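# Remarks on the overall topology
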Amino acid sequence: MSRTTYDDLEANLRELFRRQEEAMSVSDRGWDDPPLATVTTVSAIEPARPKRSAVVAVAAATLLIIGVAAIGAGGGRAVHVAGPSGSPARVHFETQQVTFDASALRITANGQTFTSGGSTVDVHSDPGNAYYQTLELTWREHGVEMRVYMYFAADAHDWWVTSIRTYNGRSEGDWIGYNGTRFRTPLGSAFTGDVDLASTSGNRGRLTISNLRLEAFRRPPVCATQTGAYAIESNEGAAITVVPAAQASFSDTVTLLDRAACTPVATPGRFEYRFTSSDPDVVAVTAMPCPPGLPADYCPFHTYFDLTAKTPGAARVHVVAIDVRTAATVAQTDVRVTAKR
Amino acid sequence: MAMTKPSASGEVAPPSDFAAFYRDAWPGAVRLAGLLTQDTRVAEDVAQEAFTRIYPQWSRVQNPSAYLRVAIVNASRSWASRRHTERMKLPLVATPMSTELAFDVLADAVAGLPYRQRAVLVLRYHAGLREADIAEALGCRPGTVKSLTSRALAALRKGIEP
């Protein structure tokens with residue numbers, strides 16, 4: 001394993017896990033056998049990313065979020081790019097977090113040029129959090145898989161790219177890195193310009209992008225589509241598909257935004273939310289307390305609610321934000337929820 | 001929380017199919033928990049906790065294996081989040097292969113990964129799950145599985161190559 005391709009690494013991982021598994025001695029056991037000694041407390045599940053699924057204890061009942069595939073904020077779109085393979089082609093990729101528009105995208109690797117022309121590009125973003133997002137483009141061209149992954153960071157004022165990677169144009173699909181911080185741009189604005197990068201790690205490669213218009217950490221469109229002083233953003237998007245597998249339950253959060261600045265309200269404790277489903281027989285909605293283990297500044301700006309798919313169908317979850325001092329409704333929105341079998 | 005089955009007081013006997021499921025699934029559950037936590041000392045407890053989660057839901061569970069897998073992943077994550085002071089690594093079956101040392105280095109690197117990155121590798125390369133199933137087990141989207149896998153493999157490669 002002195003030089004490890006990803007194929008080698010994957011094979012070695014399989015072998016490693018097999019050998020570790022073999023090294024574990026597991027005794028047969030039945031449900032009626034004497035209880036195991038208590039070694040640890042496993043009381044609640046910490047979502048690794050705050051907006052994702054969580055489990056909390058509610059009135060001594062454990063709600064286990066499980067078996068749910070949800071299609072929401074992260075993208076997951078397939079975009080067909082016109083034009084012949086290898087020829088410059090205009091591209092426009094968009095997720096809820098990132099827009100990428102260019103008159104031409106070229107990756108030169110393994111003696112070939114990849115443009116995504118004539119290909120269908122799988123477009124994803126890891127929605128991340130306020131400080132981390134990605135744009136992940138994957139397609140097949142010249143008979144191999146090509147990927148362009150961009151990693152973004154942000155602070156209170158700007159966003160920027162921390163790393164770009166592409167595949168190497170070979171069948172084994174190893175990464176080429178174009179490391180370095182670049183494109184620092186104020187939040188709410190797009191970087192525009194031409195890009196010409198030589199690889200810094202992995203095989204030799206070159207990435208050129210013409211007339212790039214790139215924006216990450218996009219401002220939520222609800223600031224434009226809702227009216228009044230405030231807007232409610234569903235952090236999983238305005239349309240959610242819940243696919244129950246075992247017990248169907250899916251967590252979403254809402255954030256109240258000051259529409260003028262399109263930023264979370266400064267005093268979230270002033271507001272509370274009410275959630276109602278247009279058809280509880282299809283999708284039930286429950287307000288959720290803050291799950292344990294989250295950063296202290298997360299829950300004040302992200303109010304949890306839980307969706308439970310009952311039967312296949314569609315429903316609207318109506319979300320109302322109320323100023324607790326005046327009892328006045330300050331914003332409202334609908335989240336479309338589709339429950340699939 | 002005691003990691004036992006529900007209290008005997010007032011408890012009805014478990015349905016026979018649950019007992020059978022438990023018996024059949026127990027070894028694999030322990031091994032999955034061991035690989036996820038990298039700690040053989042807690043693997044059985046984590047697996048038992050997962051079964052304890054299923055037990056009260058049993059009559060409504062449509063896909064017990066998927067339910068169990070998610071419960072193990074979540075219980076392992078809880079365990080991993082509480083274990084800040086020590087770094088564990090599972091032992092390897094000793095073989096005369098010349099690559100023993102290299103595998104040991106890889107085991108070190110896997111044990112050093114953040115939990116979610118290790119989990120996607122275990123679920124993919126040990127459990128053989130599809131991306132959608134991994135996303136389901138981790139409670140995230142397939143795109144997140146892609147990026148977690150990419151970062152995990154990149155970190156491993158960086159960790160094992162001179």
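Please refer to the structure higher up on the page.
It should be emphasised that the depicted structure is a prediction, and the values quoted were computed from it without experimental measurement.

A word on the overall build of chain A. Of the regular secondary structure elements, chain A holds two helices and 25 strands. Within chain A, the proportion of its 341 residues that are buried is 40%. Taking contacts inside chain A between residues at least 6 apart in sequence as the whole, the part at least 24 apart equals 62%.

Each helix and strand in chain B was counted, giving seven helices and zero strands. Along chain B, from the amino end to the carboxyl end, the secondary structure elements read α-α-α-α-α-α-α. Within chain B, the fraction of its 162 residues that count as buried is 52%.

It is worth spelling out the environment of Arg-151 of chain B at this point. Relative to the assigned elements, Arg-151 of chain B resides in helix H7 (residues 142-160). Measuring from C-alpha to C-alpha, the distance between Arg-151 of chain B and Leu-113 of chain B comes to 9.7 Å, with 38 residues separating the pair along the chain.

What follows concerns the pairing of strand S24 (residues 313-323) of chain A. Regular strands have side chains that alternate between both faces of the sheet. Residues and elements named next belong to chain A. Alignment of strand S21 (residues 271-277) against S24, held across seven bridges, turns out to be antiparallel. Bridging from a neighbouring strand, Phe-271 pairs with Asp-323 of S24. Inspection of the sheet shows S24 paired to strand S25 (residues 328-339) by 11 bridges, in the antiparallel sense. Bridge pairing in S25 places His-318 opposite Asp-334. With antiparallel pairing between neighbouring strands as the criterion, S24 and S25 make up a hairpin whose turn holds four residues, including Ala-327 at a positive phi of roughly 65°.

Once that is clear, we can look at the packing of helix H5 (residues 115-126) of chain B against H7 of chain B. Residue and element names in this part refer to chain B. H7 packs onto H5 with a crossing angle of 100° between their chain directions and a minimal axis gap of 8 Å. In terms of their interaxial angle, H5 and H7 are classed as roughly perpendicular. Residues Arg-116, Gln-117, Val-120, Leu-121 and Arg-124 of H5 pack against Val-145, Leu-148, Thr-149, Arg-151, Ala-152 and Ala-155 of H7.

Turning to helix H2 (residues 40-54) of chain B, a few remarks are in order. An α-helical segment advances 3.6 residues per turn. Residues three or four places apart therefore align on the same side. Taking 1.5 Å of rise per residue, 15 residues should cover 21 Å, and H2 of chain B covers 22 Å from first to last C-alpha, within 8% of that figure. The buried fraction of H2 of chain B is high, at 14 of 15 residues.

Among the structural elements, His-302 of chain A can be located in the loop between strand S22 (283-287) and strand S23 (303-309). Separated by 69 residues in sequence, His-302 of chain A and Glu-233 of chain A place their C-alpha atoms 9.6 Å apart.

Here we come to the pairing of strand S19 (residues 250-258) of chain A. Residues and elements named next belong to chain A. Judged by how many residues are buried, S19 sits mostly within the fold: eight of nine residues are covered. Pairing of strand S17 (residues 230-234) with S19 involves five bridges; the strand directions are antiparallel. Within S19, the position partnered with Tyr-230 by the bridge is Asp-258. In terms of strand pairing, S19 meets S23 through five bridges, oriented antiparallel. Paired with Thr-253 across the bridge in S23 is Tyr-304. Examined bridge by bridge, S19 and strand S20 (residues 263-264) share two bridges and lie antiparallel to one another. Note that in S20 the partner of Asp-258 across the bridge is Thr-263. What sits between the antiparallel neighbours S19 and S20 is a turn of four residues, in which Cys-262 has the positive phi angle 55°.

This brings us to the nonpolar core. In summary, soluble globular proteins display a tendency toward joint burial of nonpolar side chains. If you look at the biggest cluster of nonpolar residues, it comprises 54 residues, and the most contacted ones within it are Ala-29, Ala-33, Val-46, Ala-47, Ala-50 and Ile-72 of chain B. Of all the secondary-structure elements, those providing two or more residues to this core are helix H1 (6-23) of chain A together with helix H1 (16-37), H2, helix H3 (64-82), helix H4 (100-111), H5, helix H6 (131-138) and H7 of chain B. Examining the composition of this core, we find that 10 residues originate from one element, H1 of chain B, more than from any other. In this structure, this core is formed jointly by two domains, domain 1 (15-88) and domain 2 (89-162) of chain B, each of which donates at least three residues. Not counting residues up to four positions away in its chain, the partners in contact with Ala-47 of chain B are Trp-26, Ala-29, Val-30, Ala-33 and Ile-72 of chain B. Counting 37 residues, the second largest nonpolar core, distinct from the first, contains Phe-93, Ala-102, Leu-105 and Met-150 of chain A.

The rules behind each value
Residues numbered from 1 in each chain as written. Chains lettered and ligands numbered in written order. Predicted model: local features only at pLDDT ≥ 70, side-chain atom pairs only at ≥ 80, totals over all residues. Helix = DSSP H or I, 4+ residues; strand = E, 2+ residues; numbered from the N terminus. Buried ≥ 20, exposed ≤ 12 C-beta atoms within 10 Å, placed from the backbone. Contact = placed C-beta atoms within 7 Å. Pairing = 2+ DSSP bridges. Axes fitted to C-alpha atoms, helices over the stretch in contact; angles between N-to-C directions. Parallel < 35°, antiparallel > 145°, perpendicular 65-115°, else oblique. Expected span 1.5 Å × (residues − 1). Core = buried A, V, L, I, M, F, W, Y, C linked by C-beta atoms within 7 Å. Domains from an automatic or database assignment.

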